[in-house]
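As a plain string of letters, each chain reads:
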Amino acid sequence: MDLSYRRSHLSVYLLVLIVVLSGCGGASNNTEIKTSSIIITAQPVSQAVSAGQTATFSIIANSVVSSGISDLGFQWQKNGSDIPNATAATYTTPTTTTGDSGGQFMVTVSHSSESVTSNPATLIVNPVPSASNTDVTTYHYDNLRTGQNLHEAVLTPANVNPSKFGKLGSFVVDGYVDAQPLYLSEVTIPGNGIKNVLYVVTEHGSVYAFDTDTVSGDSKSYLWKTSTVSATETPGYNACPQVFPEIGITSTPVIDRKRGAIYVVAMTKDSSGNQFHRIHALDLGSGKELFGGPTTITATYPGSGANSSNGTVVFDPKQYKDRAALLEANGMIYTTWSSHCDGWPYTSWLIAYNADTLKQTGVLNLTPNGNDGGIWMSGAGPGADAAGNVYFIIGNGDFDTTMDSTGFPVRGNCGNCFVKISSTTPLKLLDYFTPFNTATESAADTDFGSGGPVLLPDVVDASGKTRHLAVGSGKDGLIYVVDRDNMGRFDGTSNNIYQLISGQLAGGVWAKPSYFNNTVYYGAVGDAIKAFPFANGTLAATPSSQSPSQFRYPGAAMVISAHNTTNGIVWAVENNTNGVLHAYDATNLATELYNSNSAASNRDVFAGNKFITAMVANSKVFVGTPNSVAVFGVLP
């Protein structure tokens, strides 16, 4: 190499991180290490994978030399020993085992007679969950939002009764738990080993990880806790009693175990009263921020609707809250936005973010030239089908009753619609359904956006045709069954949908139906929980059974635990000053197996919480309260 060239000649090897089937670990440490000719600009990043996967470590280095070409050498080490043939800028491990967990990986970068060694990166290898363990990574278990956990091996109709089953204790937190807790089995927690972990978020803006196997009494111990509120801010605030007195994290998060992240959206405000929404990705083992986050949520969209200027509608954070659960599909995190108590001006937003980078990937406004159209669904989440198309129900808002040639609203306004959104960007309205009296419903605030959808597993109709169906209901108390391949759109004189059932729900729906064993379960306001079975691809017009108890506002968002198709139990939480956990035989709702008020001496009492849903995982039932998560299970 000719060393006579001037030192101003710079050659740089920018070595790009290669992504393989591996989990993502903690945030990178980009501290520069300098010698006379070598600069490390990006250190190897710790990785978390499941046993049987590989992990890839990478380094980015520059060399300042007097030639136009620089030759850097690399040697990777594991636990201080050189790895044979690991002499490139990236190193991919062999298939990992749990015995590899805790390994330290570093690389020596060399040039001429000089060398520098990187910081160590840690490999965490999580065991693959056994068949008896169920991870609960999203609202109501899956992206269809069925609400069914078919892997419960312990809880059965034989042991869920007041003498054998009850409250085991609670995990105390710093605010309201309005989001459904999530659960992962066998997670490696640095410094604490492998744990079964409950993830809980609060309206105070906190995210907790609890060891579910240590619950006893009112426990304040946690594995880790992260606040999404900076030192110069506080949780958001709105006088509206929907979410009161503070707004931190309202929507149910979503977990991606392969990426090693839990995604949450949090609201804060600064000392000047400015409000912010941010999306965070937190490391599952430590709670540390990942992927360069958080990202502040902003958005604009072409239109002349509410809060628009010069043909552009602007997302004003103080007008919105992220009420519905997050959805992960297509490598994106989908957020949907409701308003504060219908406080005008607002419109209808769907905003998507890349799960690897937290960068915004798509924006769609569904009332861009109108008003309203909040997406509440009482905390239920948007659903996604096998192709990644996204479904949700929009609240009262402007709808253009004038259609274009394809049957879509001519100005793009689709308030009070059950919508199907494209799986790819740019986000696009693919299909929809709205009732024939949609304008009247929106004007009277009797829309069907108060409830969330369930996308049904495939059913076969009487002709042998496979149907892809979805079910949803709202304030109007009707059961809408739509064909996801042809949702029905708008007709000013009739509802052209797959099936419509009226007169069977005593009140409106501020929850969502759930599905188990070819049956749809409903819990309307002021009504019993009712079971509607499918036969020949058609939902029964009357319920096959119903619970002895009726549920006051907001009704019940049920979940079902079962072992495949046996031992089905329907779980529902009744909202009251003291909440009530009910358990019913899924095959006959008239059989109540347990309710928390039936235990002697107030043993199982817990505080009520309005829109909460139970979550069942690995022999325990978790219920959010105003200051804790109550935990139920088989008594010792």
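Caption draft 1: Geometry of the layout of surface pockets. Counted as a void, the second largest pocket has a volume near 510 Å³. Lining the second largest pocket are 26 residues, with Gln-242, Arg-323, Tyr-553, Lys-610 and Phe-611 positioned closest to its centre. In terms of residue class, the lining of the second largest pocket is built from nine nonpolar, eight polar and nine charged.

Caption draft 2: Geometry of unusual backbone geometry. Note that the residue after Gly-293, namely Pro-294, is joined by a cis bond; omega there is 0°. Note that Pro-294 resides in the loop between β23 (275-283) and β24 (295-296). Positive phi, close to 55°, is recorded for Glu-186, a residue that is not glycine. Structurally, Glu-186 can be placed in strand β15 (residues 182-189). Phi angles above zero are rare outside glycine, and Asn-618 is one such case at about 50°. Tracing the sequence through the fold places Asn-618 in the loop between β54 (615-617) and β55 (620-624).

Caption draft 3: Local environment of the sheet that holds strand β32 (residues 349-354). As summarised here, the arrangement of the four strands in space is β29-β30-β32-β33, forming an open sheet in which the pairing is antiparallel. Of all the strands in the sheet, the pair left with one neighbour each is β29 (327-329) and β33 (360-365). When strand polarity is set aside, the average angle formed by the axes of neighbouring strands in this sheet is 20°. Relative to β32, strand β30 (residues 332-336) runs antiparallel, the two being bridged by five bridges. Paired with Thr-336 across the two strands is Leu-350, which belongs to β32.

Caption draft 4: Structural detail: the side chain of Gln-148. Topologically, Gln-148 is positioned in strand β13 (residues 148-149). Beyond its immediate stretch of four places on either side in the chain, Gln-148 contacts His-140, Tyr-141, Asp-142, Tyr-515, Phe-516, Asn-517 and Ile-560.

Caption draft 5: Highlighting the environment of Tyr-498. Residue placement: Tyr-498 occurs in the loop between β42 (479-483) and β43 (499-501). Distance in space between the C-alpha atoms of Tyr-498 and Leu-150 is 28 Å, their sequence separation being 348 residues. Apart from residues no more than four positions distant in its own chain, Tyr-498 is found in contact with Asp-461, Arg-467, Leu-469, Val-481, Val-482, Asp-483 and Gly-537. Within polar-contact distance, the side chain of Tyr-498 engages the backbone oxygen of Gly-537 at 2.6 Å.

Cut-offs used in this document
Counting from 1, residues in each chain are numbered in the order their sequence is written. In keeping with the model being predicted, local features are shown solely for residues with a pLDDT of at least 70 and side-chain atom pairs are shown and tallied solely at 80 or more, while totals for entire chains, interfaces and linings include all residues. Think of the side-chain values as coming from all heavy atoms in the structure, minus any hydrogens and water. The pocket and cavity definitions rest on a 1 Å grid over protein atoms only: a 1.4 Å probe that fits but cannot leave marks a cavity, an open set with protein on both sides within 12 Å along at least five of seven lines marks a pocket, and residues lining either have an atom within 4 Å of a point. Grid points are joined across faces, edges and corners, and a volume is the space filled by probe spheres set on the points. Note on residue categories: nonpolar means Ala, Val, Leu, Ile, Met, Phe, Trp, Tyr, Cys or Pro, charged means Asp, Glu, Lys or Arg, and polar means any other residue, Gly included. Only DSSP runs of H or I covering at least 4 residues are called helices, and only runs of E covering at least 2 are called strands; the numbering of each starts at the N terminus. Only strands joined by at least two bridges in the DSSP assignment are considered to pair. Whenever a helix is involved, its axis is fitted only over the stretch in contact; in every case the axis is a line through C-alpha atoms, and angles between N-to-C directions fall within 0 to 180 degrees. Residues are treated as being in contact if the distance between any of their heavy atoms lies within 4.5 Å. Pairs of N or O atoms within 3.5 Å make up the polar contacts considered here, provided that, within protein, one atom can donate a hydrogen while the other can accept it, and that residues adjacent in sequence are counted only when both atoms are side-chain atoms.

Geometric descriptors of this kind do not, in isolation, establish any biological role.
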